[in-house]
Amino acid sequence: MQKTVEVEKESLSFKLNNDQALLQKTIREVALENFKEKAREIDKSHRFPRENFELLAKLGMTGLTISEEYGGGSMDYVSYAIVIEEIAKACATTAVILSVQLSLCAAPIEKYGSTELKEKYLKKLALGEYLGAFCLSEPGNGSDAAAMLTKAENKGDYYLLNGTKAWVTNGSEANVYIILAQSTPAETLHATSLPKHKGVSAFIVEKNMLGVSFGKLEDKLGIRASATCQVRLDDVKVPKENLLGTEGEGFKIALSTLDTGRIGIAAQALGIAQASYDLASSYAKTREAFGQKIINFQAIQFMLVDLACEVEAGRLLIYQAAHMKDQGLKYTRQAAEAKLFCSELATKAGNIAIQILGGYGYTTEYDAERYYRDAKITEIYEGTSEIQRLVIAENIIKEIGERIGEPA
Amino acid sequence: MNIIVIIRQTPDTETKIKIGSQPNKIDPTGITWIINPYDEFAIEKALKIKEQIGTDGVETHCSVSLLACGPQRTEESIRQGLAMGADRAVFIKDDSLEYADPYVISKLLASELKNMQYDLLLSGKKLIDIESSQIPIFIAEELGLTHVSFVMKFTGIDAANKKITCDREAEGSHEIIEVSLPALITCDRGEDFPRYASITGIMKAKKKEIKEITVSKEEIEKFGQRTEIVSFDLPLSRKEAKIFEGEIPEKVSALVKALREEAKVI
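Residues numbered from 1 in each chain as written. Chains lettered and ligands numbered in written order. Predicted model: local features only at pLDDT ≥ 70, side-chain atom pairs only at ≥ 80, totals over all residues. Heavy atoms only, no water.

**Remarks on the overall build of chain B**
Formally: Where helices and strands are cited, they refer to DSSP runs of H or I of at least four residues and of E of at least two residues respectively, numbered from the N terminus. When a residue's accessible area, from a 1.4 Å probe over protein chains only, is under 20% of the maximum for its type it is buried; when over 50% it is exposed; and in between it is partly exposed. The contact criterion used throughout is that any non-hydrogen atoms of two residues lie within 4.5 Å. The accessible surface values rely on the Shrake-Rupley method and a 1.4 Å probe; as for residues, cover is taken only from the protein chains in view. For the purpose of counting charges, residues Lys and Arg are taken to be positive, whereas Asp and Glu are taken to be negative. His and the chain ends are not included. Where a charge lies is defined by one atom per residue type: Lys uses NZ, Arg uses CZ, Asp uses CG and Glu uses CD.
Secondary structure summary: chain B contains seven helices and twelve strands in total. Across the 266 residues of chain B, 45% fall into the buried class. Long-range contacts, defined as pairs at least 24 residues apart, comprise 69% of the intrachain contacts of chain B with a sequence gap of at least 6. For chain B, the accessible area works out to roughly 14,600 Å², and carbon and sulfur atoms hold 50% of it. Across chain B, the centroid of the 36 positively charged side chains sits 2 Å from that of the 44 negatively charged ones.

**Details of the domain arrangement of chain A**
All names here are of chain A. Using the following cut-off: Domain start and end points were adopted from an automatic or database domain assignment. Note on definitions: buried area is the accessible-area loss of two parts on being combined, 1.4 Å probe, summed for both. Counted as salt bridges are all cases of a side-chain nitrogen of Lys or Arg within 4 Å of a carboxyl oxygen of Asp or Glu. For the purposes of these results, a polar contact is taken to be a pair of N or O atoms within 3.5 Å, where, inside protein, one atom must be able to donate a hydrogen and its partner to accept one; residues adjacent in sequence count only when each atom of the pair is a side-chain atom.
Considered domain by domain, chain A is made up of domain 1 (18-131), domain 2 (133-251) and domain 3 (257-402). Summarising the inter-unit geometry, the C-alpha centres of domain 1 and domain 2 are found 23 Å apart. Taken together, the contact between domain 1 and domain 2 spans 27 residues of the former and 24 residues of the latter. Its largest share of buried area at the contact with domain 2, domain 1 owes to His 46, Tyr 121 and Leu 131, together 28% of the area lost on that side. Seen at the junction of domain 1 and domain 2, the total is three salt bridges. Taking the shortest distance from any N to any O, the salt bridge between Arg 50 and Glu 173 comes out at 3.0 Å. Where domain 1 touches domain 2, the interface holds nine residue pairs in polar contact (both at pLDDT 80 or more).

**Some words on the packing of aromatic side chains**
In plain terms, the rule: Pairing of aromatic rings covers Phe, Tyr and Trp, the last through its six-membered ring, and needs centres within 6.5 Å; plane angles under 30 degrees mean stacked, over 60 mean edge-to-face, and all others mean tilted.
For the structure shown, the criterion picks out ten aromatic pairs over all chains. When the ring of Tyr 177 of chain A is compared with that of Phe 214 of chain A, the centres are 6.0 Å apart and the planes differ by 40 degrees; the resulting orientation is tilted. One end of the pair, Tyr 177 of chain A, is in strand β4 (residues 176-182); the other, Phe 214 of chain A, is in strand β6 (residues 212-214), with 37 residues separating them in the sequence. Aromatic side chains Phe 193 of chain B and Tyr 196 of chain B sit 6.1 Å apart centroid to centroid with 75 degrees between the ring planes, which places their arrangement in the edge-to-face category.

**So, the sheet that holds strand β9 (residues 163-170) of chain B**
Residues and elements named next belong to chain B. Quick reminder of the rule: If DSSP finds at least two bridges between two strands, the strands pair. Where helices are involved, their axes are fitted lines through C-alpha atoms of the stretch in contact, as for all axes, and angles between N-to-C directions lie from 0 to 180°.
The strand order across the open sheet formed by three strands is β8-β9-β10, and the pairing between neighbours is antiparallel. Across the chains shown, the open sheet's two edge strands, defined by having one partner strand only, are β8 (153-158) and β10 (173-180). With strand direction ignored, the average angle separating the axes of adjacent strands in the sheet is 20 degrees.

This is the structure we're talking about:
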């Protein structure tokens, strides 16, 4: 009897599809022609590059992953990773501005928001009429997010928010903020022995709500133009319909939001690493020492080879995580792996670029020193490298448990 | 008004051209292919006309089609043109067209254009790869159309009376030329900056038609290639300039000596 062999239609492919390829070509040109030169200036001046955001809005990039229904592009997360990487190659600040807009602000509204909230906020975010931000950390707690002190009291028609959020990207420039706050009174938590994180809720807060104010701009090592500052909430009355998801669902929302965000930060880090590699390799090809081009020395070759391999590996990790998200699979571990690997790679690549450029790399005449400074934050925000390792470990332990039939 | 923009794909301007294993071919590895930049200006000009006609209230219908021929990879450039805002495209797909001469290509495109509706044909003033300006002009001849070359901008579009006014630079002055449609115009940059494909443009482009046409080898041969590329040579790298030091009389005599003895030109 003859057997028919089922041939799987889609084999593993490393080729971008037509839309992704066109998008990559377009955003590469946009970033090179409009953001690259300016990156140095805004790094020096701390000036928020509003015109970059406006150009991205005009091209529809501010709604890239938002669904068509709400005026977005309905593009997949591989496309998102491509866009963030290409922008970061030219300007890491502009890349994080867009990454926060899409994955930390728009994505949770789309996933957890009511139809009314989506109508009200998503459309404006998609068109770039609104710039978004996300507020989780506080001056006294970062990785230990559940220890937050910002409070939301349920007053019936509204919630009363009080507290201070720290390290907010797009901080003073944004129009709309996702704010995480403890909405369960301490005595209730205590009486029900509910863990703190189960009492957290997420809210959409607008800049012009009474009681919202901002701290001074942080003077940072890198990505200096992203308007990072504290967001202060002083008796802010937030309408009850601005609760995202349900009461107590905030921490879950924050964690799933960060899963997506990590694809963006990994892509931003990869863009910095690629730019560092591009600069260092082209410099090595032209710079002479001891009577020849320095690229002929194995010492230089080995540094570049390591970077070339790792940049490729990092990109595959990102595409894997993004593709799994696009397929509706659980991708927490893969996103953390991509973010951990690429962020540490970015700092290493910036460091190597400076090393290869020598004295020139240490000056602002070249971009190497900025790449190095811009890279470091990717090991810290949206979950430090240590938190990524914890996330990966937790998932690995679970997977081992499943494999050997023991509960985690 | 129906506008057709004839586009070709060329290597990116930053490509380092390498000669292939055969001396009359270039090595395609690592080449990024782009829409010939002057053809991209033509697309931009066509889209501007469309926008203008759409808002002047006289005639609201204006369509922009693309016509291209070449190997499979040409499709990327067609998609980019559609994402920029062109409405549809006709793609004559054949790998053998890679090194076809301008005469054959213009014959082929003209024979396709005979089946298409148009008022205005636009293309770039030249191809940046082989620096050829022949194809659009050949097409105009083949179709018996008026043509104006090297146009910077259109100063007037009269869709109702089928007339277009062109502005082109000529020896430090401007020539203003009014032509009746149908006509073929080759485009210079002018003040145009080709628009980027937007996300909306990319999404819409998915639903736009690319009509693919294949031609037989016999059909192409029938046109009869008029020129043949025998070989490519890379330009010689320029020698560094020599600067003479010292007082003027010394420099002059050193220069004369060098011209006589080293360069052997006097």
